[in-house]
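Okay, here's what each chain looks like letter by letter:
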Amino acid sequence: MNVIETNKLTKSCGTARGIIDVDLVVEEGELYGFIGPNGAGKSTTIRTLLSLIYPTSGSAKIFGKDVVEFGAEIKEDIGYLPSEVFYYDNMKVKDLLNYSASFYKKDCTKRMRELVEIMDLDTHKRIDDLSYGNKKKVGIVQGLLHEPKLIILDEPTGGLDPLMQQKFFNLLKEENSKGVTILLSSHILGEVQRLCDRVAIIKEGRIVNVEKMSDLAKSNYSRFKLESRTPIEKSLFALDGVSGLKMENNSVTFMFKGDINSIIKIVASIDLLTLWVEEPDLEDIFLHYYE
Amino acid sequence: MNIVLRELKAHRKSLIAWSVGMVFLILAGMTKYSGFANSGQSANDLFKGLPGLAAAFGIESVDLTQAIGFYSVLFLYILVMTAIHGSLLGAEIISKEEQEKTAEFLFSKPVTRTQVVTSKLFAALVNLLALNLVTLVASVIMVGAYNTGESVTPVILLLMVGLFFVQLIFLSIGIAAAGISKKPKLAAPVATGLLLAAFFLSLWLDITKKYPGLKYLTPFKYFEGRVIINHNSLDPLYVAISLGIVAVMLLAAYLRYNSRDLSV
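Some thoughts on the overall build of chain B
Helix and strand counts for chain B come out as 11 helices and zero strands. When the helices and strands of chain B are placed in sequence order, the string is α-α-α-α-α-α-α-α-α-α-α. A compact globule built from 264 residues would reach a C-alpha radius of gyration of about 18 Å, and chain B, at 20 Å, matches this within 12%. Seen through its principal axes, chain B has C-alpha atoms that stretch 65 × 40 × 30 Å. Counting every position in chain B, which comprises 264 residues, the buried fraction comes to 50%. Long-range pairs, those at least 24 residues apart, make up 75% of the contacts in chain B with a sequence separation of at least 6. Accessible surface, chain B: about 11500 Å² in total, of which carbon and sulfur atoms supply 71%.

What about the interface of chain A and chain B?
If you look at the interface, chain A gives 25 residues, while chain B gives 24 residues. Surface buried jointly by chain A and chain B totals about 2400 Å² across both partners, of which 58% is contributed by carbon and sulfur atoms. Counting every contact that joins chain A to chain B gives two salt bridges. Between Lys11 of chain A and Asp261 of chain B there is a salt bridge, with its nearest N and O atoms 2.4 Å apart. The tally of links from chain A across to chain B stands at 15 residue pairs in polar contact (both at pLDDT 80 or more). Of all the secondary structure elements, the ones that give two or more residues to the side of chain A that touches chain B are α2 (71-75) and α3 (93-101) of chain A.

Section: the environment of Leu196 of chain B
Topologically, Leu196 of chain B is positioned in helix α9 (residues 187-208). Along the chain, Leu196 of chain B and Leu25 of chain B lie 171 residues apart, while their C-alpha atoms are 19 Å from each other.

What to know about the side chain of Gln142 of chain A
Mapped onto the elements, Gln142 of chain A comes out in helix α5 (residues 132-144). A relative accessible area of 2% means that Gln142 of chain A is categorised as buried. A distance of 3.3 Å separates a polar atom in the side chain of Gln142 of chain A from the backbone oxygen of Tyr80 of chain A. Looking at Gln142 of chain A, its side chain comes within polar contact range of the side chain of Lys109 of chain B, at 2.8 Å.

Overview of the pattern of salt bridges
Applying the stated criterion to the full structure yields 21 salt bridges over all chains. Glu104 of chain B serves as the salt-bridge partner of Arg47 of chain A, at 2.9 Å between the closest nitrogen and oxygen. Within this pair, whereas Arg47 of chain A is found in helix α1 (residues 42-49), its partner Glu104 of chain B is found in helix α6 (residues 103-106), the two belonging to separate chains. As far as the burial class goes, Arg47 of chain A and Glu104 of chain B line up, both buried. Through salt bridges with shared partners, a single network forms among Lys110, Arg111, Glu114, Glu175 and Lys178 of chain A.

Let's talk about helix α1 (residues 2-10) of chain B
For α1 of chain B, the complete set of buried residues consists of Ile3, Val4, Arg6 and Glu7 of chain B. Taken end-on, α1 of chain B shows its buried residues confined to a sector of 165°, consistent with a single buried face. Tucked inside the fold, the buried residues of α1 of chain B contact α3 of chain A together with α5 (67-99), α6 and α7 (113-146) of chain B.

Describing the domain arrangement of chain A
When its domains are assigned, chain A resolves into domain 1 (2-217) and domain 2 (220-289). On a C-alpha basis, the centroid separation for the pair domain 1 of chain A and domain 2 of chain A is 37 Å.

Concerning the side chain of Ser51 of chain A
By secondary structure assignment, the location of Ser51 of chain A is in the loop between α1 and β5 (57-62). Reaching out from Ser51 of chain A, the side chain makes a polar contact with the backbone oxygen of Val67 of chain A at a distance of 3.4 Å. Those residues in contact with Ser51 of chain A that lie beyond four places of it in its chain are Val67, Val68, Gly71 and Lys75 of chain A together with Arg113 of chain B.

Here we look at the sheet that holds strand β13 (residues 242-248) of chain A
All names here are of chain A. The strand order across the open sheet built from four strands is β13-β14-β12-β15, with neighbouring strands paired in antiparallel fashion. In this open sheet, the two strands that pair with only one neighbour each are β13 and β15 (272-278). On average, each strand axis in the sheet is tilted by 10° relative to the strand beside it, whichever way the strands run. Taken together, the six bridges between strand β12 (residues 222-228) and β15 define a ladder with antiparallel strand orientation. Residue pairing across strands places Leu226 opposite Leu275, the latter belonging to β15. Running over the sheet, helix α9 (residues 260-268) touches β12, β13, β14 (251-256) and β15 and is turned about 10° from β12.

Considerations on the sheet that holds strand β8 (residues 150-154) of chain A
All names here are of chain A. Strand order in the open sheet formed by six strands is β7-β8-β9-β4-β10-β11, and the pairing between neighbours is mixed. Two strands close off the open sheet at either side, each with one partner strand: β7 (78-81) and β11 (206-212). Ignoring strand direction, the axes of neighbouring strands in this sheet form an average angle of 15°. In the sheet, strand β4 (residues 31-35) pairs with strand β9 (residues 181-186) via five bridges, with the strands oriented parallel. Paired with Phe34 across the strands is Ser185, a residue of β9. In the packing of α1 onto the sheet, the strands contacted are β4, β7, β8, β9 and β10 (198-203), and the crossing angle to β9 comes to about 145°. Contacts from α5 reach β7 and β8 within the one sheet, and its direction differs from that of β7 by about 170°.

How each quantity is defined
- Residues numbered from 1 in each chain as written.
- Chains lettered and ligands numbered in written order.
- Predicted model: local features only at pLDDT ≥ 70, side-chain atom pairs only at ≥ 80, totals over all residues.
- Heavy atoms only, no water.
- Helix = DSSP H or I, 4+ residues; strand = E, 2+ residues; numbered from the N terminus.
- Rg over C-alpha atoms; globule rule 2.2 N^0.38 Å.
- Buried < 20%, exposed > 50% of the residue type's maximum accessible area, 1.4 Å probe, protein only.
- Contact = heavy atoms within 4.5 Å.
- Areas by Shrake-Rupley, 256 points an atom, 1.4 Å probe, with all protein chains shown as cover.
- Buried area = accessible area lost by both parts, 1.4 Å probe.
- Salt bridge = Lys/Arg side-chain N within 4 Å of Asp/Glu carboxyl O.
- Polar contact = N/O pair within 3.5 Å; in protein donor to acceptor, adjacent residues only side chain to side chain.
- Arc of directions from axis to C-beta.
- Domains from an automatic or database assignment.
- Pairing = 2+ DSSP bridges.
- Axes fitted to C-alpha atoms, helices over the stretch in contact; angles between N-to-C directions.

Written out as structure tokens, the structure reads:
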């Protein structure tokens, strides 16, 4: 079954960029990544799915039901963590969580306690006294306490320290192993890579590609950056697989795809000061892979 | 129900503040009356000599030496105060979710927009009633304390019914402003702006006595203290107009809030 299915979903937001003809299919039990640079339309898509804003044209279904017509019914089984968390300032954490739980038909007390434990949250504090990271934790707990069948996360890890991120990702994997479908939007390739099976790439409001994560990783791009003691000949890098070559004084940056040995031999011939070989970030992928 | 309770809790402090303000207004106003009462007929004569001033204060055809007559002047300010309360409450209770960016939290829960507006409307009505009751009790006690003739409680009760209609009108205007506008920050200024316009129109009508037809445009003319006291009844036409305004405002708010994008 398809948990999320959009059909030519379009949203124009006045002068701001919206989304155009987005076709997205997320199957049940999938851990689905949604990546693109900031402002590409990830949040707009998600807000349309949650009928916070309405589509200009096209349609979207969640659990096979139209998101506009059956919005409230669908949300019974959705957990949502927005990118920026804002809660009622004058409330204590536990009041907010209880308020959140009061919207659902089931008893959420037990799961709430577990999640508070896992996320290491002090529920007696007032929300406006919390740091950004702790507010994010409140967001995670309120989004998961009703054991939703679909979890939608918009840039979830900002503000969380690496340890907490790890806990959170483990939590998501655990939910996923119970059959929960997860849609994770991010502009950080790394976090999508760690979690997701499939990924949709959105750029300037359009889905440009949908790939299995394993295929994307196979693209084998590496980013090289090196500095040498002596000036480097540009012709040295005239080789298949090198792209985006930039030379400045004695430093060189480029992307490389292909047999890693061939490029390493060339690099080895240089009198090196420093050398970095990195995974490309999303920016690079967009610049070199999707152009 | 959870939203109603949340809103009641959120507005508790503000309701207490408004109630204290109201009691103070009535207390201070009626304390001034004792000065008028002692001066006897001379106060009435003074204002008769200055009809423009009397009109501006809304004290024509009022016997200022009677406690209830004096109260009818004060009633205009009570109307204005509850109108401000109502319009701000209506605008704020709807727009705050968008303004404080909690709309993403609230509307990702299994609730429809209609349910949210209805819950908030209900909580707001409880607030209006509470302020109305406080006004009633304070008025009965304070006017009763100075009253020398027959009991004024029945006519004050009638005034409070009129007051409630005005509260409802301005609440619904506030709710409509917040429900319709995609800019949540505009809701309160628009609602209070309309209120001020209505108030000044009412003052202008009192002073100039021109264009009597315009009185239908300002709710402050619907339930004037001296008219209700003199006739001992509410004008059914104004009751009907009030209910009409409330119905139109709420309908517009519901329809638009249901169909528009939330400002997130």
